Amino acid sequence: MIDERAISFDCEGDRLYGIVSLPAGPAAPVRGVLIVVGGPQYRAGSHRQFTLLARSLAARGIAAMRFDYRGMGDSEGRARGFEEVGADIRAALDAFTAAAPQLRDIALWGLCDGASAIAFYGAGDARVGGLALLNPWVRTEAGAARATIRHYYRRRLFEGELWSKILAGRFDLRSAAASALAVARSALGAKPAPGPVATLPQRMADGLARFDGRLLVMLSGADLTAQEFAGVAETDPAWRRLLGERRVTLRRLPGADHTCSRRDWHEQVVDWTCDWMAAW
């Protein structure tokens, strides 16, 4: 059994709404996870992903909170991109600790650009001891193109369905070739921005390098967002150094999609999150 309650809280004059899931039983110091959703999304998540995650954590003794950013779900205000939700995360942490004053260790947990948002936020809040990132969003035009070539097109060439369509004359080869050429040009022709302008992957690596807590990185095996991140992690020296640190735990889930929609995939993510927090 768990204790679940709805809460509302202020963020710069707008009213935000969330759900706190607490372990049942006598009050005692507990660890907590604030779930930061990827957008545009609200607190339940695809196939109720975040609802199930919060309840699974609470059933295992870890308090959890999920909430709507400003402009999303039930919350008031103007919708913002993932690089502009720092005030929302801070207000949610304030509300979480008020609702569960027994909390002693707090982690932020994010999917996709929610993971990117907490990478930027973590170093600025001493209450945060860990960051859990599922399929982090590090999108650049060149990076997306390279991931598509390496994973999508390579797999497509070995699909029997494709060759059946080609042999039957039901495949638009001209359009497919034009699309592939455009992707290749993006992958090979894109160059870093001149001057001091840093890319999203560079800024995320810098944010995580400034954060001195624990990191959990979870990557789905059948997700282009995860595969683009893996490509950056393999080729960028800053990311290689970061992921090689002892405080970082890296997990891979072969075959899983972006939101780990199958029950066994979801349960594996829950297990990894609980094991990681128990190791602090």
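Above this text sits the structure in question.
1. Some points on the overall build of the protein
Logical step 1: Looking only at helices and strands, the protein features ten helices and eight strands.
Logical step 2: Burial statistics for the protein: of 280 residues in total, 47% are counted as buried.
Logical step 3: Intrachain contacts of the protein at a sequence separation of at least 6 include 72% that bridge at least 24 residues.
Logical step 4: Split by element, the accessible area of the protein, about 13,700 Å² in all, is 53% carbon and sulfur.

2. Describing the packing of aromatic side chains
Logical step 1: In total, this model carries five aromatic pairs according to the counting rule given.
Logical step 2: Between the aromatic rings of Trp 276 and Trp 280, the centroid separation amounts to 5.2 Å while the plane-to-plane angle is 90 degrees, which identifies the pairing as edge-to-face.
Logical step 3: Through a chain of ring-to-ring contacts, three or more aromatic side chains come together here, namely Phe 9, Phe 67 and Tyr 69.

3. Overview of empty space enclosed by the protein
Logical step 1: Summed over all chains, the structure comprises one cavity of 30 Å³ or more.
Logical step 2: The volume enclosed by the largest cavity comes to roughly 40 Å³.
Logical step 3: Considering the residues around the largest cavity, the lining is formed by Gln 49, Leu 53, Trp 109, Leu 134, Thr 259, Cys 260, His 266 and Val 269.
Logical step 4: Here the residues of the lining of the largest cavity sort into five nonpolar, three polar and no charged.

4. A short note on helix 7 (residues 200-210)
Logical step 1: Residues Leu 200, Pro 201, Met 204, Ala 205, Gly 207 and Leu 208 constitute the buried set of helix 7. The buried residues of helix 7 occupy one face: seen down the axis, they fall within an arc of 160 degrees. Those residues of helix 7 that are exposed and angled more than 90 degrees off the buried face are Ala 209 and Arg 210.

5. Focus on the pattern of salt bridges
Any two side chains of opposite charge can pair, so long as their charged atoms come close to each other.
Logical step 1: Using the criterion set out here, one finds 18 salt bridges in the structure.
Logical step 2: Notably, a salt bridge pairs Glu 83 with Arg 203, separated by 2.5 Å at the nearest N-O pair. Here the residue Glu 83 occupies a position in the loop between strand 4 (63-67) and helix 2 (86-99), and Arg 203 occupies one in helix 7, the gap between them amounting to 120 residues.
Logical step 3: Given a relative accessible area of 45%, Glu 83 falls into the partly exposed group.
Logical step 4: Owing to a relative accessible area of 29%, Arg 203 belongs among the partly exposed residues under this scheme.
Logical step 5: Two residues, Arg 127 and Asp 125, come together in a salt bridge whose shortest N-O distance is 2.8 Å.
Logical step 6: Taken together, the shared-partner salt bridges in this structure form one network comprising Arg 90, Asp 94, Asp 125 and Arg 127.

So, how was this worked out
- Residues numbered from 1 in each chain as written.
- Predicted model: local features only at pLDDT ≥ 70, side-chain atom pairs only at ≥ 80, totals over all residues.
- Heavy atoms only, no water.
- Helix = DSSP H or I, 4+ residues; strand = E, 2+ residues; numbered from the N terminus.
- Buried < 20%, exposed > 50% of the residue type's maximum accessible area, 1.4 Å probe, protein only.
- Contact = heavy atoms within 4.5 Å.
- Areas by Shrake-Rupley, 256 points an atom, 1.4 Å probe, with all protein chains shown as cover.
- Phe/Tyr/Trp six-rings, centres within 6.5 Å; stacked < 30°, edge-to-face > 60°.
- 1 Å grid on protein atoms, 1.4 Å probe; cavity = no way out; pocket = protein on both sides within 12 Å on 5 of 7 lines; lining within 4 Å.
- Points joined across faces, edges and corners; volume = space filled by probe spheres on them.
- Nonpolar A, V, L, I, M, F, W, Y, C, P; charged D, E, K, R; others polar.
- Arc of directions from axis to C-beta.
- Salt bridge = Lys/Arg side-chain N within 4 Å of Asp/Glu carboxyl O.

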